[in-house]
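Each chain, written out:
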Amino acid sequence: MQKYFHSVRSFINLRDDCLFCKVHLVANITNFTGIKNDEWPIFNSPLKSDQFNIVINHTTSSYDIKANANINIDTGEVIFEFPNHSLMPNVDQYMSRGALADLKPCIELTCPNKKCKYNYCISSYILDVHNIAHENQITPKWKVSQVRLFLEDFEIKNHFIQNDWIREETHIFSDDSETPIIIPIIDFADIEEESLLSRISTYITFN
Ligand SMILES: [Zn+2]
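Rules used in this analysis
- Residues numbered from 1 in each chain as written.
- Predicted model: local features only at pLDDT ≥ 70, side-chain atom pairs only at ≥ 80, totals over all residues.
- Helix = DSSP H or I, 4+ residues; strand = E, 2+ residues; numbered from the N terminus.
- Buried ≥ 20, exposed ≤ 12 C-beta atoms within 10 Å, placed from the backbone.
- Pairing = 2+ DSSP bridges.
- Axes fitted to C-alpha atoms, helices over the stretch in contact; angles between N-to-C directions.
- Contact = placed C-beta atoms within 7 Å.
- Core = buried A, V, L, I, M, F, W, Y, C linked by C-beta atoms within 7 Å.
- Expected span 1.5 Å × (residues − 1).

Draft legend 1. Spotlight on unusual backbone geometry. Even without being glycine, Ser49 reaches a positive phi, approximately 45°. Looking at where Ser49 falls in the secondary structure, it is placed in the loop between strand E3 (44-46) and strand E4 (51-59). The exposed category is assigned to Ser49, around which 8 C-beta atoms lie within 10 Å. Of note, Lys157 is a non-glycine position whose phi angle comes to about 45°, a positive value.

Structure below.
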């Protein structure tokens, strides 16, 4: 499977449909919620007019920042808009970029079919945003670096099956155990649904 993508759109186009029910996958931007996806997301925004929007409302002991981050999925350009008048626009730019990084944004492609019990999902690694302005330009110009494929998962009964495409491993988590069964990666899309499920259940039975 392709692992690096030059744009967010090419990552979204990685797969059109749910492997199981064939319903068209939906793209969202959300925050990384742990390997097992077991933390509640802070945000989850759908794609709108070829852009992802993230509301940043960040308070730390040293600063407060309110901004909207707009990410263009074709150019990767990230524009921060400030609802409040900005006294130090360039400082606010850098603070927003820092606050955005703290949110650990990633792209998820999920099956929207409520009747599909597999909860199929593909997610990118946490997006990295860097400054592409020339050295002599004071105002930063932000862009998403290349997008990297990270996790691909689905559920069967009380098991959570996950491909970690960075480590090249398939992890089988069970509700009864903290530690997953780790096996060499299985490309879910490469084999028929039935053989995929029977292979997984063989691993579960013999471990
Ligand atoms: Zn589905």
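Alright, that's what it looks like, and here's the rest.
Draft legend 2. Summary view of the sheet that holds strand E6 (residues 77-81). Taking strand neighbours across the sheet as the criterion, the five strands line up as E4-E5-E6-E10-E9 in an open arrangement whose pairing is antiparallel. In this open sheet, the two edge strands, each paired with only one partner strand, are E4 and strand E9 (129-131). Shown here is a sheet whose adjacent strand axes are inclined to one another by a mean of 35°, direction ignored. Bridge analysis of E4 against strand E5 (residues 64-72) gives nine bridges, and the strand direction is antiparallel. Within the sheet, the bridge partner assigned to Gln51 lies in E5 and is Asn72. Against the sheet, helix H2 (residues 89-102) contacts E4, E5, E6, E9 and strand E10 (142-144), and its axis sits at roughly 75° relative to E5.

Draft legend 3. Local environment of the nonpolar core. Of all hydrophobic cores here, the largest spans 37 residues; its most connected members are Val8 and Ala69. Per-element accounting of this core gives the leading share, four residues, to E5. Setting aside residues up to four positions removed in sequence, Val8 forms contacts with Ile71, Ile73, Gly76, Ile107, Val144 and Val147.

Draft legend 4. Spotlight on the pairing of strand E11 (residues 147-156). Within E11, seven of the 10 residues are buried, which leaves it mostly tucked inside the rest of the structure. Alignment of strand E8 (residues 121-124) against E11, held across four bridges, turns out to be antiparallel. Paired with Ser123 across the two strands is Leu151, which belongs to E11. Here E11 runs beside strand E12 (residues 159-164); their pairing, made up of six bridges, is antiparallel. Among the inter-strand pairings, Leu151 is bridged to a residue of E12, identified as Asp164.

Draft legend 5. Representation of the environment of Asn113 within the structure. Residue placement: Asn113 occurs in the loop between strand E7 (105-110) and E8. Each C-alpha atom of the pair Asn113 and Cys21 lies 7.9 Å from the other, and the pair is 92 residues apart in sequence.

Draft legend 6. View of H2. The end-to-end C-alpha distance of H2, which contains 14 residues, comes to 20 Å, matching closely the 20 Å that a straight helix rising 1.5 Å per residue would cover. Turning to H2, its buried residues number three or more, namely Gln93, Met95, Ser96, Arg97, Ala99 and Leu100. Where H2 is buried, its residues contact E4, E5, E6, E7, E9 and E10. A positive phi of about 55° marks Lys104, the residue just after H2.

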